[in-house]
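# Examination of the molecular architecture
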Amino acid sequence: MIRRTRPVAGAIALLAALTAGIAFPAGAAAGEPTGQDAPKVDLVLDVSGSMRAKDIDGQSRMAAAKQAFNEVLDATPEEVQLGIRTLGANYPGDDRKEGCKDTAQLYPVGPLDRTEAKTAVATLVPTGWTPIGPALLKAADDLDGGDGSKRIVLISDGEDTCAPLDPCEVAREIAARGIGLTIDTLGLVPNAKLSRQLSCIAEATGGTYTSVEHQDELTDRVNELVDRAAEPVVTPVATEGAGSCDKAPVLTSGLYTDREEFGQQRWYRVELLAGQELRASVSVAADRAVRPDHGLLVRAVTVHDREIVRGEATGNGRTDVVSTGLRYPKPELEDDDSGKPAAETVCLGVTTSFSADAGVKATPGLPLELTVDVVDGPDDASDVASFGLGRGWWLLGALVVAGFLAGLVWGWLSRWRVAVWRTS
């Protein structure tokens, strides 16, 4: 059994593929990699006046962002073309019309010169307004052209101040262009209104929203998103799970998306031949306000409802995605008179335990991403799921034997000490 939870990696274009760490075979029926051009990332940084606030690890928000950017620039993969755009960095006045035009390309999207980019970041001083909508429109233009992956990473500490140009509507407009651009958002302070706005922006393009309160969290998350851009672009296939296994869709190796309502269970089927191994990973993203304590369970069961193996994970509201996975190898048959490999239908059941306060819409369901991979099993598959202990069963056995021997030795020493005491 595999259990994996990531601050992720979530909602939801490549999360399950990253979580599972699985490379699909060339003939996969779903989720095939596409795109030949270099991946592009535009980091969009809020440089408005509120970034002067000193509430991130004893330093200003701007200082924390600069430090994070420097570390991200050092770690950016060579194949990624990266740019930096600012909003609110140049106009210090009170004219709202002028303030809402204040977005500029600090470093152009292209091959990265780390020294030049760091020098540009060092010049930033918190200044003006927060024109998120206009900045996103310009950032989309920065990334125009080519068929490689395109990603905007928006970092802000406040809501857009340039309504009625709603940044959520801007994100939907960008998604409607069909250019394969994903917007991920990061909020620097815990704020309900900001969270709703940034979540809406991310959801419109299949991106993720993350709230960060520490500089190292910001660095790690931006690094993760930049690295994700370098991964092959995978197109998930929409599917619809059923309420029971007998009515569930049959899935082959690939990446799939679905939606699951609060507390709902969805079923999918996978055909597995003798000697093959099933690897499955599930990620569910909280794309709206949910209660902090929630969980995710994925089970592999037979058509007769006998559980084979399970994976489970819990969330506490600190990340927007919860993920887990499992693996099940079907042993080779020793004798098969038919000469054909025996097939087994494995039912995958996905259950969530998300809940929300009154007024939060339950429909459509939460975005779910399912990775399925069927590969040749290990040479000796029978021990992998032995007693539900995986390949660690021998270690448990060794510990039991060692404990038994230690008990015998301790008992003998205790009796010897008592005997010596009585004779003295």
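This section reports on the structure supplied with the text. (Residues numbered from 1 in each chain as written. Predicted model: local features only at pLDDT ≥ 70, side-chain atom pairs only at ≥ 80, totals over all residues. Heavy atoms only, no water.)

### What to know about the state of the cysteines
Put simply, the rule is: Cysteine sulfur atoms that pair up within 2.5 Å are treated as a disulfide. Secondary structure elements follow DSSP: runs of H or I of four or more residues count as helices, runs of E of two or more count as strands, with numbering from the N terminus.
One pass over the full model with this rule turns up 3 disulfides. The partner cysteine of Cys168 in its disulfide is Cys200, sulfur to sulfur 1.6 Å. Between Cys168 and Cys200, the S-S dihedral sits near -50°, and the bridge is therefore left-handed. You can see Cys168 sitting in helix H6 (residues 167-176) and its partner Cys200 sitting in helix H7 (residues 192-204), a full 32 residues away along the chain. Across the disulfide from Cys245 sits Cys347; the S-S distance is 1.9 Å. Looking along the S-S bond of the Cys245-Cys347 disulfide, the torsion reads about -65°, which is the left-handed sense. Of this pair, Cys245 sits in the loop between strand E9 (237-238) and strand E10 (254-260) while Cys347 sits in strand E16 (residues 343-352), and the two are 102 residues apart along the sequence. Sequence-ordered numbering of the disulfide-bonded cysteines in the protein gives the connectivity 1-2, 3-4, 5-6.

### Description of the packing of helix H2 (residues 61-75) against helix H4 (residues 114-122)
What counts, and what does not: Angles run from 0 to 180 degrees between N-to-C directions of axes, and those axes are lines fitted to C-alpha atoms, restricted for helices to the stretch in contact. By the definition adopted for this analysis, an angle is roughly parallel if under 35 degrees, roughly antiparallel if over 145, roughly perpendicular if from 65 to 115, and oblique otherwise. Here, residues are in contact when the closest pair of their heavy atoms is within 4.5 Å. The residue classification treats Ala, Val, Leu, Ile, Met, Phe, Trp, Tyr, Cys and Pro as nonpolar and Asp, Glu, Lys and Arg as charged. All others, Gly included, are polar.
Remark: H2 packs on H4, axes separated minimally by 10 Å, with the N-to-C direction vectors making an angle of 175°. Between H2 and H4, the angle is such that the two are roughly antiparallel. Note on element contacts: H4 touches H2 through Arg114, Ala117, Lys118, Val121 and Ala122, opposite Lys66, Phe69, Asn70, Leu73 and Asp74. Classifying every residue of the contact of H2 with H4 gives 5 nonpolar, 1 polar and 4 charged.

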